[in-house]
Amino acid sequence: KCKYYIDESPIKDFNFHKSKIKLTDLYIFSFALSILSLNGRINSNLGINTCVDLRQFLGQNETTIANTQNTSIISVISDNITSKTTVGDVIGSLHQDLIRKLSDNTPFVVYRCFLENEFFTTKKFVSLPNLSNVGRFKVEGQFEGQIKDTWIQQQDISKNAEGECFMLAFSRVKNGINTLVTRLQQSRSVLNDEDANVLFKSIMHVMKDVPIDVKVQDAYDELRCFQNRMKRKI
């Protein structure tokens, strides 16, 4: 089976809360930079896939609980990154790319490719990074005050999940504190335990501790040092 890594922290611990940037954008940047650092190289572009809920494009009265599979993916990318580009600039570029692709029918183009089985790769033993930020759970109406806690997860067989390194995130109020849960899925037939552990700790480190006003190169160099320290502890 796949292996899972979990972080459960108060929302106030994260840079998106401190810097007023979007949580999904911070996840995408942190995930992408952590992979580049783990691979030992920084590129002029970075990005990952993220899930899209297609129900947001339906009318208010067109959704039913019987219609459960309404997701697609898009590749969110920031390019033209130089040694002087700041973390905040890259995150802003990722956000603009996400908004543009949400408005130009890209999620439906991808969904059609899924239906027509037009996705393929010639490489083996590759896990593509994919993020699904579900959002915040709120209990209202007749169940308000009755549901005290919430948890969601997925489970998969490692062989079936080889093509994807999947990260799931959601938040909910726990003991009066808005809490963010992050869960990384590792396909152990592709990604070894050491790299997966360092990758997940790196993502959380960027999200909590890396300022957005530093240059991307400086953030990358600091993350490389962080990862080397993690590897020495394993």
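Remember, it's a predicted structure, so these values are computed and weren't measured experimentally. (Residues numbered from 1 in each chain as written. Predicted model: local features only at pLDDT ≥ 70, side-chain atom pairs only at ≥ 80, totals over all residues. Heavy atoms only, no water.)

Section: the packing of helix α2 (residues 23–39) against helix α5 (residues 193–209)
- Relative orientation of the contacting elements α2 and α5 amounts to 135 degrees, with a least axis distance of 8 Å. Judged by the angle between their axes, α2 and α5 are oblique. α5 is crossed by α2, and the crossing has right-handed handedness. Of the residues in α5, those touching α2 at Leu23, Leu26, Tyr27, Phe29, Ser30, Phe31, Ser34, Ile35 and Leu38 are Asp195, Val198, Leu199, Ser202, Ile203, Met204, Val206 and Met207.
- For the contact of α2 with α5, a count of residues per class yields 13 nonpolar, 3 polar and 1 charged. (Axes fitted to C-alpha atoms, helices over the stretch in contact; angles between N-to-C directions. Helix = DSSP H or I, 4+ residues; strand = E, 2+ residues; numbered from the N terminus. Parallel < 35°, antiparallel > 145°, perpendicular 65-115°, else oblique. Left-handed = near helix turned anticlockwise from the far one by under 90°. Contact = heavy atoms within 4.5 Å. Nonpolar A, V, L, I, M, F, W, Y, C, P; charged D, E, K, R; others polar.)

Some remarks on the packing of aromatic side chains
- By the definition in use, this model includes 4 aromatic pairs.
- Measuring from ring centre to ring centre gives 5.8 Å for Phe137 and Phe170, while their planes differ by 85 degrees; the resulting arrangement is edge-to-face. On the criterion of sequence distance, the pair formed by Phe137 in strand β4 (residues 128–137) and Phe170 in strand β5 (residues 164–174) is long-range, its members being 33 residues apart.
- Its relative accessible area of 31% is what places Phe137 among the partly exposed residues.
- Residue classification places Phe170 among the buried residues on the basis of a relative accessible area of 2%.
- Three or more aromatic residues joined by ring pairs make a cluster, and in this case those are Phe137, Trp151 and Phe170.
- For Arg183, the ring lying beneath its charged end belongs to Tyr4, and the centroid distance is 3.8 Å. (Phe/Tyr/Trp six-rings, centres within 6.5 Å; stacked < 30°, edge-to-face > 60°. Buried < 20%, exposed > 50% of the residue type's maximum accessible area, 1.4 Å probe, protein only. Lys NZ or Arg CZ within 6 Å of the ring centre and 35° of its normal.)

Quick word on the sheet that holds β4
- Taken in spatial order, the 6 strands of this open sheet run β1-β6-β5-β4-β2-β3, and their pairing is mixed. With one partner strand each, in any of the chains shown, β1 (3–10) and β3 (71–78) form the two edges of the open sheet. Strand-to-strand twist across the sheet, computed as the mean angle between neighbouring axes with direction ignored, equals 25 degrees.
- Sheet strands touched by helix α3 (residues 87–103): β2 (46–53) and β3. Its angle to β3, the strand with the most contacts, is close to 140 degrees. (Pairing = 2+ DSSP bridges.)

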